[in-house]
2 protein chains.
Amino acid sequence: MRRLHHFVLSPFCRKVRLVLGEKKLGFEPISEIPWERSRELVALNPSAQVPVMIEENGVVIADSNAIAEYLEEVHPEPPLMPALPAERAEVRRLVAFFDQLIFAEVTAPLLRERILKRFGWGCAEDAAPDPAAIRAALDALRKHLSYMGDLTEKRGWLAGALSLADFAAAAHLSCIDYLGDVDWDGAPRVRDWYARIKSRPCFRPLLVDHLPGVQPPRHYTNLDF
Amino acid sequence: MRRLHHFVLSPFCRKVRLVLGEKKLGFEPISEIPWERSRELVALNPSAQVPVMIEENGVVIADSNAIAEYLEEVHPEPPLMPALPAERAEVRRLVAFFDQLIFAEVTAPLLRERILKRFGWGCAEDAAPDPAAIRAALDALRKHLSYMGDLTEKRGWLAGALSLADFAAAAHLSCIDYLGDVDWDGAPRVRDWYARIKSRPCFRPLLVDHLPGVQPPRHYTNLDF
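These remarks concern the structure in this document. (Residues numbered from 1 in each chain as written. Chains lettered and ligands numbered in written order. Predicted model: local features only at pLDDT ≥ 70, side-chain atom pairs only at ≥ 80, totals over all residues. Heavy atoms only, no water.)

## Describing the relation of the copies chain A and chain B
One copy of the chain maps onto the other through a rotation about an axis followed by a shift along the same axis.
Item 1. Expressed as a screw operation, the relation of chain A to chain B combines 0.0 Å of axial shift with a rotation of 180 degrees, fitting to an RMSD of 0.0 Å. The superposition operator between the copies reduces to a two-fold rotation axis. Using C-alpha coordinates, one finds that chain A approaches the rotation axis most closely at glutamine 100 of chain A, a distance of 4.2 Å.
Item 2. When the interface residues of chain A are mapped onto chain B, 100% of them are again interface residues, pointing to one common binding face. (Least-squares fit on C-alpha atoms with pLDDT ≥ 70 in both. Contact = heavy atoms within 4.5 Å.)

Okay, here's the thing in structure tokens:
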């Protein structure tokens, strides 16, 4: 069976899990703490980054974008990329916007301050969270939620039809929501979009995710939040 | 005519320029200092990031990966992606390896310490370079050059046939080389690979690039370095 090495609060792994779920492709999830550099993970990917997917036939693919594009090529139904090159470019621009800019400005600093420091993953254990870094991430999130609201209001889904862009975005927001850091009342248009994607069957496994010692807020699992 | 908004020492812009050159697609380069957020650039891409390409028909594409994949779809000759999905995934893994990991660990810190601080781009002007940050970037570069050497020795080009992975890698190394930070004597296998890609016609425009006030080392333009 297909296997996926993943970290439960990695937005990149969550994107791949959503794409696999949406395409109804089964897989055995193998939970990793990438900072612990398990021997198996390092053998698969020298940089010890997740996700890494191993196909039934032994093909090993690292990097969430490489995996998502591969799945789209090999299992094109249901399509998560539009047909026209210019529209595909817009989906890829948005995926990069979430996986690079929003990750750098929001998801990564919030995970670092709230989770990684607590467990000493990639930093000293029990280092104190930096309130200024959290404030800057939340400010950036507010700005980006406003842009996302504009897009979903105009287009429905982020790039028109449901696409990889929505799953990339939802993967980030779901991690941030697990930390309790999304002000849904302040972003009603994005809440409408998130409620739609959160109610898809592919989302269910993410809603029962659990990082020992870190409780998500009660609304995290709620489809009517 | 096609236009490309770019910054002369951006590895992402250089990758796109190499791809356009390799596919013999003409374009008018429009030089940007992204930190100055020119009105035209912000109108094209609210995040004021380069590259942004504007096609003759008015289609605007931001993000180097979106542009490169678009060009590959619309102008498939000469191919810079292999035919098989698993091989395409390997090219995309390598592109992400250079554009994310090597950028974060090497290209970005070297550019910041040596260039951005000097000109006050995105930071206080004339801030002193941090020797520890430069040392860490050079250590990371040494490690990654060794991995690249293994790949080129085994495969010839990074993913077997000449591909986007080579142009992504060469774009980063060319920026680092402009700063005088590549120890070519310590990486003879990568030097052989770089000499091959550097001698391609698409590389010529990069070798005459000039950032006012910052001279590249003499060997930068030399095909026999």
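## Thoughts on the sheet that holds strand S4 (residues 60-62) of chain B
Residues and elements named next belong to chain B.
Item 1. A sheet is described by the order of its strands in space; here four strands give the open sequence S2-S1-S3-S4, paired in mixed fashion. Two strands in the sheet have a free side with no partner beyond their single neighbour: strand S2 (28-31) and S4. With direction set aside, neighbouring strand axes in the sheet form an average angle of 20 degrees.
Item 2. With three bridges joining them, strand S1 (residues 3-6) and strand S3 (residues 52-54) adopt antiparallel strand pairing. Looking at S3, one finds that histidine 5 is bridged to valine 52.
Item 3. The sheet contacts of helix H3 (residues 64-74) involve S3 and S4, and relative to S4 the element is tilted by about 125 degrees. (Pairing = 2+ DSSP bridges. Helix = DSSP H or I, 4+ residues; strand = E, 2+ residues; numbered from the N terminus. Axes fitted to C-alpha atoms, helices over the stretch in contact; angles between N-to-C directions.)

## Focus: the sheet that holds strand S1 (residues 3-6) of chain A
Residues and elements named next belong to chain A.
Item 1. Ordered in space as S2-S1-S3-S4, the four strands form an open sheet in which the pairing is mixed. Two strands lie at the open edges of the sheet, namely strand S2 (28-31) and strand S4 (60-62), each paired on one side alone. With direction set aside, neighbouring strand axes in the sheet form an average angle of 20 degrees.
Item 2. Summarising the sheet, S1 and S2 pair through four bridges and their orientation is parallel. Residue pairing in the sheet places leucine 4 in a bridge with proline 29 of S2.
Item 3. Its contacts with the sheet place helix H1 (residues 11-22) against S1 and strand S3 (52-54), and it is angled at close to 155 degrees to S1.
Item 4. Contacts from helix H3 (residues 64-74) reach S3 and S4, with the element oriented near 125 degrees to S4.

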